[in-house]
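Below, each chain spelled out in residue letters.
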6 protein chains.
Amino acid sequence: MTSQRTVYVSGEFVAESEAGFSIFDSALMYGDVIFETTRTFNGQPFRLRAHIERLYVGLRTLEIDCGLTADEMEAATLETIERNRPCFADGTDFQIVHNVSRGPMGLYETVFEGGVKPTVTINCWPLTWHLAALAEAYVEGVHAVIPAQRSVPARLIDPKIKNRSRIYYQISNLQAQKVDPEAWALLTDEDGFLTEGTGSNFFVVKDGGLLTPEPRNILRGVTRQAVLELAESLGLACRERNLEPYDVMTADEAFFTSTPFTIMPATRFNGHDVGAGEPGPVTRRLMKAWDMMVEVDMVAQARAYARQAAARG
Amino acid sequence: MTSQRTVYVSGEFVAESEAGFSIFDSALMYGDVIFETTRTFNGQPFRLRAHIERLYVGLRTLEIDCGLTADEMEAATLETIERNRPCFADGTDFQIVHNVSRGPMGLYETVFEGGVKPTVTINCWPLTWHLAALAEAYVEGVHAVIPAQRSVPARLIDPKIKNRSRIYYQISNLQAQKVDPEAWALLTDEDGFLTEGTGSNFFVVKDGGLLTPEPRNILRGVTRQAVLELAESLGLACRERNLEPYDVMTADEAFFTSTPFTIMPATRFNGHDVGAGEPGPVTRRLMKAWDMMVEVDMVAQARAYARQAAARG
Amino acid sequence: MTSQRTVYVSGEFVAESEAGFSIFDSALMYGDVIFETTRTFNGQPFRLRAHIERLYVGLRTLEIDCGLTADEMEAATLETIERNRPCFADGTDFQIVHNVSRGPMGLYETVFEGGVKPTVTINCWPLTWHLAALAEAYVEGVHAVIPAQRSVPARLIDPKIKNRSRIYYQISNLQAQKVDPEAWALLTDEDGFLTEGTGSNFFVVKDGGLLTPEPRNILRGVTRQAVLELAESLGLACRERNLEPYDVMTADEAFFTSTPFTIMPATRFNGHDVGAGEPGPVTRRLMKAWDMMVEVDMVAQARAYARQAAARG
Amino acid sequence: MTSQRTVYVSGEFVAESEAGFSIFDSALMYGDVIFETTRTFNGQPFRLRAHIERLYVGLRTLEIDCGLTADEMEAATLETIERNRPCFADGTDFQIVHNVSRGPMGLYETVFEGGVKPTVTINCWPLTWHLAALAEAYVEGVHAVIPAQRSVPARLIDPKIKNRSRIYYQISNLQAQKVDPEAWALLTDEDGFLTEGTGSNFFVVKDGGLLTPEPRNILRGVTRQAVLELAESLGLACRERNLEPYDVMTADEAFFTSTPFTIMPATRFNGHDVGAGEPGPVTRRLMKAWDMMVEVDMVAQARAYARQAAARG
Amino acid sequence: MTSQRTVYVSGEFVAESEAGFSIFDSALMYGDVIFETTRTFNGQPFRLRAHIERLYVGLRTLEIDCGLTADEMEAATLETIERNRPCFADGTDFQIVHNVSRGPMGLYETVFEGGVKPTVTINCWPLTWHLAALAEAYVEGVHAVIPAQRSVPARLIDPKIKNRSRIYYQISNLQAQKVDPEAWALLTDEDGFLTEGTGSNFFVVKDGGLLTPEPRNILRGVTRQAVLELAESLGLACRERNLEPYDVMTADEAFFTSTPFTIMPATRFNGHDVGAGEPGPVTRRLMKAWDMMVEVDMVAQARAYARQAAARG
Amino acid sequence: MTSQRTVYVSGEFVAESEAGFSIFDSALMYGDVIFETTRTFNGQPFRLRAHIERLYVGLRTLEIDCGLTADEMEAATLETIERNRPCFADGTDFQIVHNVSRGPMGLYETVFEGGVKPTVTINCWPLTWHLAALAEAYVEGVHAVIPAQRSVPARLIDPKIKNRSRIYYQISNLQAQKVDPEAWALLTDEDGFLTEGTGSNFFVVKDGGLLTPEPRNILRGVTRQAVLELAESLGLACRERNLEPYDVMTADEAFFTSTPFTIMPATRFNGHDVGAGEPGPVTRRLMKAWDMMVEVDMVAQARAYARQAAARG
């Protein structure tokens, strides 16, 4: 299956293993690249347009003209999906990832025939391995640990602009895993407020309602937004607020959200149980509602992927 | 000349236009890459070992085991230089650039035959275009402008670790050039202290001595160190100190340093003349001493490159 | 018309060109002066009492006893207006400005017959030139640019106390105009949150509702308050929130407010269009409602003033 | 004597009680004015040129073109002194104060015949009352108290630019005097470091050497510089360092410096004795050396002024 | 009465004057102790369970296993109350105070027979003296003064964890009392926001509603929560918000809350009247509602205690 | 041996296991206590007077009048030592610890016969167990780990005042030991600068010289000072400087200092070797010089204590 996938690279389709950014590309040189990640449910892309629009906010902010309108970007995305669809004929859901940079620096234009131009990549990647690894986590919950590394605040590098100058995510992961090899890093900013995971948003459940950090030093996740809407439709009170470690220590439940895995219970925090130390009723209700919304049994899917991954292992 | 150059990529040599990082590489995904840039003078690499040792401090800090010892890295560098030496047979000096990442994320290992491993690139790039653009700047000086963007402080992402999560350099350049199209961004930190240019260090001359920012929120540049040593050998007082815009407003002279261009006078600051508004006697004395040290007449070289660039243009 | 205006200065009326503060006055020496600015609509002062009450909050905070009660201040204001009313016989609306300081420092009392006492000035100034310059801006919108200068936070000098130690407004204007000669500076605080213009408040429109910065590092403008009330009466959702540049980049509309010009659309932000790049429907609806409230067609008035100014030019 | 003094105001000489800034002047509107204060010793101005040069650094920074070169400013200053010299025929020393603003805002140009132009004032003021009040303080020392108000940091409003947006000096004085009616406010910045008095610099003496705050969030006083030079000539070690309240608690001696009073011992700090609670040997030695340098017995002069002031009282 | 009281100390009951913590206890060595204070009304403990649960949040956060479950702690508390009840046979209400530490450091275990173990104390203390001192304050109000000392922020030492590393409370009290001997310190954090008193929470009343600081750099007081619930039951709008000194300057009323005294009007702030300078109608209404809720006339009780205290004097 | 030791408590001598602070003491209630720790070498107290003088700086700052002059405190200390000397007849060296508080709060005076008064304790404690645990650490070095907890800055609670409101030391230890059970916490402040261990100072060796943090957010340790003097006497360059984790990553050697253990090599930092990963030549040279200065072979002593401890174990 792997060998067939093909990646859109600035208007052409190339083999997945060959798709990349030149050493002269501003993307590599400065982490100067905007990206997006969405996924399919039953093969249908989830809120594709919302992701593309957020992509263009980032591009405008960085003054990158990628050469495509948002409509053209959507068309290119759909074409990439269709080209790769045969690879997912068995019904495996997949990620769709965009990377856009202003391209190689002008200084190096002689390297490239036809000169330098922006780089746009779009690729599809099966969720098999990603979700396989999380199958049991959905029912047991994951461990959140606050690392010594702090979030870079929006006033310095805005995480709402989904960019790749984020080495501190890797440092956070390394630190959290020294405390607990299974930990997920949960970051705080220099004010001591919770921000986000390294590629996910975070919620706590308190007195039956949802609390999530103010949308400041975080990516305003599409799935975060979808969960807020879902919760509202279930009649749950939702509030954006400055949250602190104390709020997790006194929470009833907690969970991470991200487009690939959607909702992931967090049952341990800095070595302490969150609430009863297992996925709580509100989290489970939201997970169930999500399943119904996307018409996928997320846990069953992840377990199926785990079996596939083990079989291939 | 361009087509012949070849880049070391994780043990193999590939064409310059093909050398890059996979879209699955941590380098791209997180700006999680350590790099170095040195150059030759008369074809001899400048303080190559010092650059390689700084590279390894970064790798240790990020817990990247690149698979090569520092000695092996030096050998690979020298081999890359020798392979490319014919391209520089006309005596053109060149940059030598290292990029090292932990490689593609483990999740994507099936993409890559033989699995994932760290990525190491080493390439040589003629200084022709870089210095051509600066030829007249050596004698007229450049304009420094402080952008609204502030330096990310070392406690969040340490600039002493020469990494590529530095989108804020690009933002700084964009901002400075809106004020003055020829401006070089000169950054400050959130305390209001001068830090560095976007790829260079900064000095002011006051009462015959050199002042340069404390080595905190800056890269501790190899050329910065070389200039301090050179100045000391000339009997100039040198001091690392917290410097502010006021110190540039009241300076006699100022200059940037960086390995590619070495010493570049800054004659304007935020729209005001620095000192008399032209390269000052101390700066010129240092430039001359540098020329003698490396046995290259830097201005003459840059002007020769400018002629070549124009001829090819 | 100009020569007739007269200014209340500590109980006496003096010619406009002579009204000022002694070089020995604490107002000048320390920027130690509280002021207010309101205006008339059809010759009627707008929320005069609210302005006077805010003036007294500032005076109490700075422990200035100006020698007048709020009622006496209001009476003196009305007297000043009546004395100047003949100057505005043509129906020109005008500003009413108060300045109050603790007066010359005690050290200098021998300079002043009768010793030192607080200084109170009240003057009326036709809005002709101010609004003339803005006539077309009402229909095209103004450009907002964030300068490198940050707002001084309330914990150091409280902008809610309307004082004149605000040299950073002038610096902000100088910086913004270097980027775009027509720009209005829009400040942020050191947390990266939007604060205010240099003499105005700022709103964004998002999803049909109004958002405006939390009332912390800003003057809590009387017109800001009036706009919130007006919006509420129109059924628009209004919220005070921490706002960031990203919120303007993703806003549908934006505008400044201030008592002299009331509501001014902002159609560009840091070089990007805000929404569609023209005054939006919510802004226009508010402007219209304002016109009805004060019974003045603001655009028509400004255009009339522009013609007058041109005629006098 | 008072009635004869005359003030230079933008090229003309006017009576002292009439000299001021228009209510339309940027000086008043924004605290947008640069000033200087020097004094005479035996009728000779002290380091006049150094003060004037600092004035021009401020003007350049604020982009005020006052219409005079530094030489012309010096000439105007000397003329002002000579015009006023008869007032000081009895040998009384006096202050010389400059205020320079960009003048009335352009909006108000119709108020002023001939339009708007920068405002420059130069005035001479006898030191009689100022020093009279300090006569006994020279021998007993003053009380330093740290107020709740913090210094505005240089990155927001630079105190090295001697400007008049400094309402926080007045607030500091009010706060300090509530704790101790005789207190001099001694400010700290938000890092907790000592900065300066409200119009003076601060030194501590420790182990026979002088320590004074780093030249960051302070005015770099001309007398501060003179004291450092004097101390060096006496063989005393001098160091600029971050100083904290703890350093005053453990100091042997402390003193303030400012051009009008030069060196003033501080013998109490936040209610505690500094050292032995009286002017210490190093402070007294510096005061004596100063007297010799300027050929004035400062204490005797202050006492003489105190007698004069009492006589006139 | 005094001699009879007995204190629970780690499972035993000892005389009040003997109850304490060893010099080797972590409680003393590091301020490493969690505590709680509640009181009785008519002899009934107020929200005892809520206090005990908050105690255990603190213990979990500090990883102190005190050897008792929350139920056992409650039982021990009730036993302590019953043992001491005879001392309060006259109906005097009393405080119940818990202190829990991890006990003496392991290094010192040989000092203690049976080795080291956590220290738990529970004691009952008559409210006579505490409330006697406040009897007239209930009707006249207290004076709030902001000291120079700032609150330690939650990210450094979390005040929501009710711990005893709070020397800054004592420093705050000393500073406030220098300004006004009757002052109650009202702290701000380094952002300039109001936090709390030194052992109490703070509210302002504005336009008929209650405002109180966001629950960040404060103890989330049990009585604070009870007042919010009471206010809601009275139909008063309540909001947690960042509050600044300006908000007190412009408030209609203000009050402190704490379990021992419940609601205490604050009628002066930094030397200015709050509102009319006397307990306001909303505060008085809340006080009355409180009295009804707990079935104690608080003012009458305090006055009775004042008479008793005077009698014993 | 244990049972014989006796502790000075406010003028009386009590059994070690009974010495403590009342639950009503400000020491316990607010961490409001100043302390000192020194030790003997060959039975002689080390710089006792320096410790006592630092104690009194703290007491003055907190406005605690302990009722004893420094001379009386020294006399009481010597008396305590002499009373306990028989317990150390075998030549065991011991700590001498002072704790001083303002005593029980006035509110509780009826608890205490004779009323409330300051609490002063002085005790002697054998170094057997403390040093036994460190015997091998002297030759292998300890592991330094930076916890997520940051140092409380001096502007909030001054660590130069040796007080016991330092729960964050315990939190730091807990965090460091989760990463590495043998780790010593090495703190940083919120600027990212190294401060101190939890009861020790820190040095790095670079290019043959010593670097140690600026004396700001640290206790200015008596042994730190002694090491600086010793290093100077050996001709080593010593400099106080802002140090960052990068400086440890690039250091040749590192060590902690504290009065009980004096000099302790740190050979690992955040999981990386410091220099060669073993005590380096400069550190060993300093340790040897220390041994000679105090005439104790520290390693031999610690090993002897380890044998004694094991024998008693």
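Keep in mind the model is a prediction, meaning the values are calculated, not measured.

**With respect to the domain arrangement of chain A**
All names here are of chain A. Domain parsing of chain A yields domain 1 (6-126) and domain 2 (137-302). In this structure, domain 1 and domain 2 have C-alpha centres spaced 27 Å apart. Contacts between domain 1 and domain 2 engage 22 residues on the former and 24 residues on the latter. Carbon and sulfur atoms make up 59% of the surface buried where domain 1 meets domain 2, a total of about 1900 Å² over both sides.

**Here's the deal with the sheet that holds strand 7 (residues 119-126) of chain D**
All names here are of chain D. On the basis of which strands lie adjacent, the open sheet formed by six strands has the order 2-1-7-6-4-5 and antiparallel pairing. With one partner strand each, in any of the chains shown, strand 2 (12-15) and strand 5 (44-45) form the two edges of the open sheet. Two elements, strand 4 (residues 33-41) and strand 5, share two bridges in a ladder whose sense is antiparallel. Counted as the bridge partner of Phe 41 is Gln 44 from strand 5. Relative to the sheet, helix 3 (residues 70-84) contacts strand 1 (6-9), strand 2, strand 5, strand 6 (94-101) and strand 7, its axis offset from that of strand 7 by approximately 40 degrees.

**Details of the pairing of strand 9 (residues 183-188) of chain A**
In summary, the side chains of a regular strand alternate between the two faces of the sheet. Residue and element names in this part refer to chain A. Burial within strand 9 is extensive, with five of its six residues counted as buried. Pairing analysis gives three bridges linking strand 8 (residues 142-145) to strand 9, with the strands arranged parallel. Directly across from Ala 144, in strand 9, lies its bridge partner Trp 184. In terms of strand pairing, strand 9 meets strand 10 (residues 194-197) through two bridges, oriented antiparallel. The residue bridging Leu 186 from the neighbouring strand is Gly 197, located in strand 10. The hairpin formed by strand 9 and strand 10 contains five residues between the paired strands, and Gly 192 there has a positive phi angle of roughly 90 degrees.

**Some thoughts on unusual backbone geometry**
All names here are of chain A. Here Thr 262, not a glycine, exhibits a phi torsion of approximately 65 degrees, which is positive. Position of Thr 262 among the secondary structure elements: in strand 15 (residues 262-269). Residue classification places Thr 262 among the buried positions, given a relative accessible area of 3%.

**Some details on the relation of the copies chain E and chain D**
When chain E is fitted onto chain D, the two copies agree to an RMSD of 0.0 Å after a turn of 180 degrees and an axial shift of 0.0 Å. Each copy turns onto its partner about a two-fold axis. Closest to the rotation axis within chain E is the C-alpha of Ala148(E), separated from it by 1.9 Å. When the interface residues of chain E are mapped onto chain D, 100% of them again fall at the interface, so both copies present the same face.

**What to know about the relation of the copies chain E and chain F**
Note on the copies: chain E fits chain F at an RMSD of 0.0 Å, the axial shift is 0.0 Å, and the rotation between them is 180 degrees. Here 100% of the contact residues of chain E are again contact residues in chain F; the copies associate through an equivalent surface.

**Examining the interface of chain E and chain D**
Taken together, the contact pairs seven residues of chain E with seven residues of chain D. With both chains or domains summed, chain E and chain D bury close to 590 Å², and 44% of this area falls on carbon and sulfur atoms. When the buried area of chain E at its contact with chain D is split by residue, Ala148(E), Lys178(E) and Val179(E) rank highest and sum to 61% of it. Run the count over chain E and chain D and you get zero salt bridges. Taken together, the connections running from chain E to chain D amount to two residue pairs in polar contact (both at pLDDT 80 or more).

**Observations concerning the sheet that holds strand 1 (residues 6-9) of chain E**
Residue and element names in this part refer to chain E. Within the open sheet, the six strands sit side by side as 2-1-7-6-4-5. Their pairing is antiparallel. The open sheet has two free edges, formed respectively by strand 2 (12-15) and strand 5 (44-45), since each of these has just one partner strand. Sheet strands touched by helix 2 (residues 48-62): strand 4 (33-41), strand 5 and strand 6 (94-101). Its angle to strand 4, the strand with the most contacts, is close to 180 degrees.

**Quick look at the packing of aromatic side chains**
Enumeration according to the criterion identifies 96 aromatic pairs over all chains in this entry. Relative to Phe94(A), the ring of Phe88(A) has its centre 4.2 Å away and its plane inclined at 15 degrees; by these criteria the two rings are stacked. An identical accessibility class is assigned to Phe88(A) and Phe94(A); each is buried. Judged by centre distance (5.1 Å) and plane angle (65 degrees), the ring pair of Phe202(A) and Phe256(A) falls under edge-to-face. Placement of Phe202(A) in strand 11 (residues 201-206) and of Phe256(A) in strand 14 (residues 253-258) is noted, with a sequence separation of 54 residues between them. Grouping residues by exposure puts Phe202(A) and Phe256(A) together as buried. Grouping aromatic residues by their ring pairs yields a cluster made of Phe24(A), Tyr108(A), Phe112(A), Trp125(B) and Trp129(B).

**Some details on the confidence of the model for chain A**
On average, residues of chain A carry a pLDDT of 96, and 99% of them reach 70 or more. The complex model carries a pTM of 0.96, and its ipTM stands at 0.96.

**A word on the environment of Gly271(A)**
Relative to the assigned elements, Gly271(A) resides in the loop between strand 15 and strand 16 (272-273). Spatially, the C-alpha atoms of Gly271(A) and Val179(A) are 9.1 Å apart, while their sequence positions differ by 92 residues.

**Considerations on the interface of chain E and chain F**
At the junction of the two partners, chain E supplies 55 residues and chain F supplies 55 residues. Between chain E and chain F, the buried area comes to about 4700 Å², and carbon and sulfur atoms account for 64% of it. Along the contact surface separating chain E from chain F lie four salt bridges. Ionic pairing is found between Glu63(F) and Lys178(E), a salt bridge with its closest N-O pair at 2.6 Å. In this assembly, chain E and chain F are joined by 27 residue pairs in polar contact (both at pLDDT 80 or more). Looking at the side of chain E that touches chain F, the elements that each hand over two or more residues are strand 3 (20-22), helix 1 (26-30), strand 6, strand 7 (119-126), helix 4 (128-132) and helix 6 (167-179) of chain E.

**With respect to helix 7 (residues 222-233) of chain F**
Residues and elements named next belong to chain F. Taking 1.5 Å as the rise per residue, helix 7 with twelve residues should run 16 Å; its terminal C-alpha atoms sit 17 Å apart, in good agreement. All of the buried residues in helix 7 are Val 222, Thr 223, Arg 224, Ala 226, Val 227, Leu 228, Leu 230 and Ala 231. Just past helix 7, the residue Gly 235 takes up positive phi, approximately 80 degrees.

**Side note on the pairing of strand 4 (residues 33-41) of chain C**
Residue and element names in this part refer to chain C. Burial within strand 4 is extensive, with nine of its nine residues counted as buried. Every second residue of strand 4 is oriented toward a common face, with Val 33, Phe 35, Thr 37, Arg 39 and Phe 41 on one face and Ile 34, Glu 36, Thr 38 and Thr 40 on the other, all of them buried. As paired elements, strand 4 and strand 6 (residues 94-101) share seven bridges and run antiparallel to each other. In the sheet register, Arg 39 faces strand 6, and the bridge partner there is Gln 95. Connecting strand 4 to the antiparallel partner strand 5 (residues 44-45) that follows it, the hairpin turn spans two residues, and Asn 42 within it adopts a positive phi of roughly 50 degrees.

**A word on the arrangement of the chains**
If you take every C-alpha in chain A and every C-alpha in chain D, the smallest gap between them is 16 Å, and the two do not touch. There is a clear gap between chain C and chain F: no contact, and 16 Å between their nearest C-alpha atoms.

**Looking at the environment of Met105(C)**
In this structure, Met105(C) sits in the loop between strand 6 and strand 7 (119-126). Among residues more than four places away in sequence, those in contact with Met105(C) are Phe24(C), Ser26(C), Met29(C), Tyr30(C), Val116(C) and Gln170(D).

**A few points about the side chain of Arg5(E)**
Tracing the backbone through its elements, the reader meets Arg5(E) in the segment before strand 1. In this structure the side chain of Arg5(E) is engaged in a polar contact, spanning 2.6 Å, whose partner is the side chain of Glu16(E). In this view, Arg5(E) contacts Val14(E), Ala15(E), Glu16(E), Asn84(E), Cys87(E), Phe88(E), Cys124(E), Trp125(E), Pro126(E) and Val111(F); residues no more than four positions away in its chain are not counted.

**Some thoughts on the state of the cysteines**
Applying the stated criterion to the full structure yields zero disulfides over all chains. With no disulfide partner, Cys124(A) has as its closest neighbouring cysteine sulfur the one in Cys87(A), 8.4 Å distant.

What counts and what doesn't
- The numbers attached to residues start from 1 for each chain and follow its sequence in the written order.
- The lettering of chains begins at A and the numbering of ligands begins at 1, in the order of writing.
- Note on the predicted model: pLDDT of at least 70 is required for a residue's local features to be given, and 80 or more for side-chain atom pairs to be given and counted; whole-chain, interface and lining totals, by contrast, use all residues.
- As a rule here, side-chain values come from all non-hydrogen atoms in the structure, and water together with hydrogens is ignored.
- Domains are outlined according to an automatic or database domain assignment.
- What makes two residues a contact is simply this: any of their non-hydrogen atoms within 4.5 Å.
- Take the accessible area each of two parts loses on contact, using a 1.4 Å probe, and add the two losses: that sum is the buried area.
- We treat two strands as partners when DSSP finds at least two bridges between them.
- Counting from the N terminus, the helices are the DSSP runs of H or I reaching at least four residues and the strands are the DSSP runs of E reaching at least two.
- Axis angles are defined between N-to-C directions and span 0 to 180 degrees, where every axis is a line fitted to C-alpha atoms and, for a helix, only to the segment in contact.
- Type-normalised accessible area, obtained with a 1.4 Å probe on protein chains alone, sets the label of each residue: buried when under 20%, exposed when over 50%, and partly exposed for intermediate values.
- Copy-to-copy superposition: least squares on the C-alpha atoms, limited to residues that have pLDDT of at least 70 in both copies.
- Every case where a carboxyl oxygen of Asp or Glu lies within 4 Å of a side-chain nitrogen of Lys or Arg is listed as a salt bridge.
- Two N or O atoms form a polar contact when they lie within 3.5 Å of each other; inside protein one atom must be a possible hydrogen donor and the other a possible acceptor, and for residues adjacent in sequence the pair counts only when both atoms belong to side chains.
- Each pair of aromatic rings taken from Phe, Tyr and Trp, with Trp reduced to its six-membered ring, is defined by centres within 6.5 Å and is described as stacked if the planes are under 30 degrees apart, edge-to-face if over 60, and tilted in the remaining cases.
- The pLDDT value expresses, per residue, how confident the predictor is, ranging between 0 and 100.
- One less than the residue count of a helix, multiplied by 1.5 Å, gives the span that helix is expected to have.
- Any pair of cysteine sulfurs within 2.5 Å is marked as a disulfide.

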